[in-house]
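# An overview of the molecular structure
What follows is each chain in one-letter form.
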Amino acid sequence: MSKQIKKVAVLGSGVMGCAIACHLANCGIPSLMLDIVLPLSDEEKAKGVKKTDPAFRNKLSAGAMAVALKAKQPMAPLYVKSSAALIQIGNFEDDMEKIADCDWVIEVVKEDMKIKQGVFKQVAKHWKPGMIVTSNTSGLPITEMSKDMPAEMKKHFFVTHFFNPVRHMKLLEIIPGELTDKKIMDRMAEFGERVLGKGIVYSKDTPNFVANRIGMYAIMKTIAHMEAMELRIDEIDAIAGPPMGRPKSAAFRTADLVGLDTFCHVSMSVYNLCPNDEERDVFNVPAWINEMVKKGWLGNKSKQGFYKKGKGPDGKKMYEVVDYKTGEYIPSIKPDFASVKGTKKKDTPAEKVKALLAGDDKAAEFAWKVLRDVTIYSCNRIPEIADDVVNIDNAMKWGFAWDAGPFETADAIGLKDIVKRMKDDGVAVPELLDKAAKAGGFYKKVGLKKMYFCAKDLKYKEAPLTALTLNEDNLVARLQGAIATVADPASLKIKIADLKDRGNEIEKNAGASIYDMGDGVALLEFHSYKGMNPIDTDIIAMMLKTIDVVQEKGFSGVVVGNEGTNFSVGANLLMLLMESRNKNWANVEMASKTFQDANMLLKYAPFPVVTAPFQMVLGGGCEATLHGDAICAAAETYVGLVEVGVGVIPSGGGCKEYLVRNLEAALANPHVPSLFPFVRRAFENIAMAKVCMNAYEAIENNIFRPTDHVTVNRDYLLSDAKQMVLGMVKAGYTPKSPRKDIRMIGSQYYAAFKNAVWTMRQGNYISEHDALITDWVAKILTGGDIPGSSVVDEQYVLDLEREAFVSLCGTEKTQDRMQYMLQNNKPLRN
């Protein structure tokens, strides 16, 4: 179904419109981005600009693209600038007829009903049967927007509400109109989930839909309790962030990021449009915030909002925060709450919240009141804004970056405890909450199925597996065979917890496990150190054991992946530092040799190996990734060989693999006169510890190959990697042999690199120790003092890596860097 959407028209090139067009380009979908033609300004008239000039007529859309192309990673709307070629710009007056060639038209103009209706009148003139038409409105009524549309067009019309920044925010709310054809909406849901990588939430046609309705209530209730308890803004943000399962930006830093003008508009829209909301008055923006907006204190975009950067008496930079009682800025403080401190000792979001609420200080009291009220409000919004707890929980996780939605958080705290505390507070307990508490929670597992407590029937139903099962009608239809997009939706999303529940774990130690994924494919999972997964002896031992397990159990291939916070952030520095301080050089060399051997064993295993990296893939994690037959990477993968930051070089085969990839890129072009520019790229990226800020950038930098796969929706990463393994098996996998054809550029270019390093040292751009490290990098990548065009095998490069690694670990400066990184959790450059 999703393949039917091959081209999209984006009407509006503002922040959201341009971001949507850019993300479509990220996903390989061409788009036509149009905007209005502005009137000529006096300055333009004076310069002789003509209203017929294309550059003038397309000024808005062209300007938006220019801004997008200047944006820096990782917040740029485009993964790579080359994708901008998929975006065609134009204007409403000259190019509207071109939308007839599009499969989907999305309106992203100003939140003004008359303007939107005018745009849809123009769209109707060029509408063709089958064309999907949607609005990105954040809450205007669908019925009113579509009142002048032809009847058939209304069936194809609904709301697709993206969240900003579009590339990073997973949420896509889909809201049908009264006449929307559900099959057409399902087509968009599948496209949004599988192609655009979004999490789909079905909402009702109500002001602010789901995420903004609940999210704004949470923030406005936070403000109300702050004022009542006479707490400071910076005190609230210390509580309402990770301790409550919310992002680090908490409440007021989030508002600064969004913009106070937008913040006020969204909140007041509920106040004005929801007269029957029992908590309506909560959305009425306080006078002191309105006064900030009048002053232009709009947040990050005006460089001051609830916070602003200032200078202390000593001239050092400091943050100031608004004192809402006086309307003036005061120095920000680091609040000291015992209950908040207690959360830092906990690992999971659920443990943090429970620890916070167990306190007896003002922070614990505040957190309870906010969580209590948000839970009640969320219960009371079903079925007004959504049909079930699942859609609301997903909306808050994907749209506001909460660790858990309000109902999941309530389950983590314990519903019986919540009900008791509410009754003790004299607060009315919603029927849904009371019934769920008696039943055992909003969620539970029955066998291998995740169930949710249905607000309509007050009984448990199976939780949705894909976008198509997120609304109840589709679930019934699927079970009856009416929706046949996939044979088994469960097979599309592989969850390690489900594999464990099925008893599919074959081997396990403290750092890694091996699972049976089904269909003859094994999974090597890393699970060391709180989901950060640094490569350690346990992981390496399991990598080595994988070969035996696969052959003993008869698996046809392996996926290397996990579901931690990051794929792998590097290596275990503590052990390395201890061995280096104790001058146990044999152990230091063995650590490198064992990791090299494990990587080489998987690379040349008699079966296909696909690695599935995501998020941070640094140092040793990158080296492990590069030794697979193929890579199936999440789009948001931040990958690099960053070892020089700790005073060493990649020594698990990372230099070798990155060199080979760059040589492959050079030799793929018969017109390349020299290998040097490609080796130089490898040298610069390793020596400068460059991190590619997404998978496509990694492909451009030859860390990943053009043949590697990128999965935009990380929920499908393990499944896609498994399918790659099965595809290689089906195609007739032929094991590779260790390479003996690596062409080194030799001593001439080694001397050139040494000269460049010497020049940088003389200019004090790098330290003496940095010069030593980069000299080793140059030696490894060129072969050192060997003749140019010498051909070596992989082991030659691995031996150079290991020699450099042991030598650098023996320096006091490298050991000091390791110590610093362990103490401060960040790399030291000089």
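Right above here is the structure, for reference.
Let me sum up the structure you'll find in this document. Treat the numbers as computed from the prediction; the structure is a model and nothing was measured.

## Notes on the pattern of salt bridges
Under the defined criterion, the tally for this structure stands at 52 salt bridges. Two residues, Asp 425 and Arg 372, come together in a salt bridge whose shortest N-O distance is 2.9 Å. With a gap of 53 residues between them, Asp 425 in helix 20 (residues 415–425) and Arg 372 in helix 17 (residues 362–380) connect regions that are remote in the sequence. Taken together, the shared-partner salt bridges in this structure form one network comprising Arg 213, Asp 277, Glu 278, Arg 381 and Glu 384.

## A word on a nonpolar patch on the surface
There is a patch of nonpolar side chains on the surface, built from Leu 574, Met 578 and Leu 822 and spanning about 280 Å² of accessible area. The residue Leu 822 is located in helix 35 (residues 812–824) in this model.

## Focus: the environment of Asp 393
Note that Asp 393 resides in helix 18 (residues 389–399). Along the chain, Asp 393 and Ser 378 lie 15 residues apart, while their C-alpha atoms are 9.4 Å from each other. If we skip the residues at most four places from it in the chain, Asp 393 touches Gly 405, Pro 406, Phe 407, Glu 408 and Tyr 443. Within the structure, Asp 393 has its side chain in polar contact with the side chain of Tyr 443 (distance 2.6 Å).

## Some words on the sheet that holds strand 8 (residues 199–202)
Here we have eight strands laid out as an open sheet, ordered 3-2-1-4-5-6-7-8, and mixed in their pairing. A single partner strand is all that each edge strand has here, and the edge strands are strand 3 (87–91) and strand 8. Going from strand to strand, the sheet's axes swing by 25 degrees on average, the running direction of each strand aside. The strands touched by helix 9 (residues 182–195) are strand 4 (104–107), strand 5 (132–135), strand 6 (157–162), strand 7 (171–176) and strand 8; relative to strand 8, the strand with the most contacts, the crossing angle is about 150 degrees.

## Notes on the pairing of strand 13 (residues 449–454)
Relative to strand 13, strand 12 (residues 443–446) is paired through four bridges, and the arrangement is antiparallel. Looking across to strand 13, one finds that Val 446 is bridged to Lys 449. Taking the residues between adjacent antiparallel strands as the criterion, strand 12 and strand 13 are bridged by two residues, where Gly 447 takes a positive phi near 65 degrees. As paired strands, strand 13 and strand 14 (residues 459–462) are joined by four bridges and run antiparallel to one another. Residue pairing for strand 14: Phe 453 is matched across the bridge by Tyr 460. Taken together, strand 13 and the strand that follows it, strand 14, pair antiparallel across an intervening segment of four residues, in which Leu 458 is found at a positive phi of about 55 degrees.

## A word on the packing of aromatic side chains
Here the structure, examined in full by the defined rule, presents 18 aromatic pairs. On the basis of an interplanar angle of 25 degrees and a centroid distance of 5.4 Å, the ring pair of Tyr 79 and Tyr 696 is categorised as stacked. Highlighted residues: Tyr 79 in the loop between helix 4 (59–70) and strand 3 and Tyr 696 in helix 30 (residues 695–700), separated in sequence by 617 residues. Of the residues examined, Tyr 79 reaches a relative accessible area of 2% and is grouped as buried.

## What to know about the environment of Lys 345
Looking at where Lys 345 falls in the secondary structure, it is placed in the loop between helix 15 (338–343) and helix 16 (349–357). Classification of Lys 345 by relative accessible area gives exposed; the value is 73%. Here the alpha-carbon distance between Lys 345 and Ala 355, two residues 10 residues apart in the chain, equals 9.2 Å.

## Here we look at the sheet that holds strand 10 (residues 317–323)
Each strand in a sheet pairs with its neighbour through backbone hydrogen bonds, running either in the same direction (parallel) or in the opposite one (antiparallel). The strand order across the open sheet built from three strands is 9-10-11, with neighbouring strands paired in antiparallel fashion. If you trace the sheet from one side to the other, it starts and ends with strand 9 (307–311) and strand 11 (328–331), each paired once. Each neighbouring strand pair of the sheet contributes to a mean axis angle of 45 degrees, computed without reference to strand direction. Bridge count for strand 9 against strand 10 is five bridges, and the pairing is antiparallel. Across the sheet, the residue bridging to Lys 311 is Lys 317, located in strand 10.

## Notes on the nonpolar core
Counting 106 residues, the largest nonpolar core has Leu 524, Phe 526, Val 559, Ile 703, Phe 704 and Leu 781 as the members making the most contacts within it. Beyond its immediate chain neighbours, meaning those up to four positions away, Leu 524 contacts Ala 512, Ser 513, Ile 514, Met 542, Met 543, Thr 546, Val 558, Val 559, Val 560, Gly 561 and Leu 602. Counting 90 residues, the second largest nonpolar core, distinct from the first, contains Met 169, Ile 239, Trp 297 and Phe 337.

What counts, and at which threshold
- Counting starts from 1 at the beginning of each chain's written sequence and moves along it residue by residue.
- Predicted model: local features are reported for residues with pLDDT of at least 70 only, side-chain atom pairs are reported and counted for 80 or more only, and whole-chain, interface and lining totals are derived from all residues.
- Computation of side-chain values covers all heavy atoms of the structure but excludes hydrogens and water.
- Salt bridges are identified by distance alone: a Lys or Arg side-chain nitrogen within 4 Å of an Asp or Glu carboxyl oxygen.
- Starting at the N terminus, helices and strands are each numbered in turn, a helix being any DSSP run of H or I of at least four residues and a strand any DSSP run of E of at least two.
- Residues qualify for a patch when their relative accessible area is over 30% and they have no salt bridge, like charges being joined within 9 Å and the nonpolar side chains of Val, Leu, Ile, Met, Phe, Trp and Tyr within 5 Å.
- Computed by Shrake-Rupley with a 1.4 Å probe, the accessible areas treat only the displayed protein chains as cover when residues are assessed.
- A contact between two residues is defined here by any heavy atoms of the two lying within 4.5 Å.
- What qualifies as a polar contact is a pair of N or O atoms within 3.5 Å, subject to a donor-acceptor requirement within protein and to the restriction that residues adjacent in sequence count only when both atoms come from side chains.
- By definition, two strands form a pair when at least two bridges between them are found by DSSP.
- Only the contacting stretch of a helix is used when fitting its axis, a line to C-alpha atoms as for every element, and angles between N-to-C directions run 0 to 180 degrees.
- Geometry of aromatic contacts follows a simple scheme: Phe, Tyr and Trp rings, the Trp one being its six-membered ring, pair when their centres are within 6.5 Å, and the pair is stacked under 30 degrees between planes, edge-to-face over 60, tilted otherwise.
- Remark: exposure states derive from per-residue accessible area (1.4 Å probe, protein chains only) relative to the maximum for the residue type, with buried under 20%, exposed over 50%, and partly exposed in between.
- We define a nonpolar core as any set of buried Ala, Val, Leu, Ile, Met, Phe, Trp, Tyr and Cys residues linked to one another through side-chain atoms lying within 4.5 Å.

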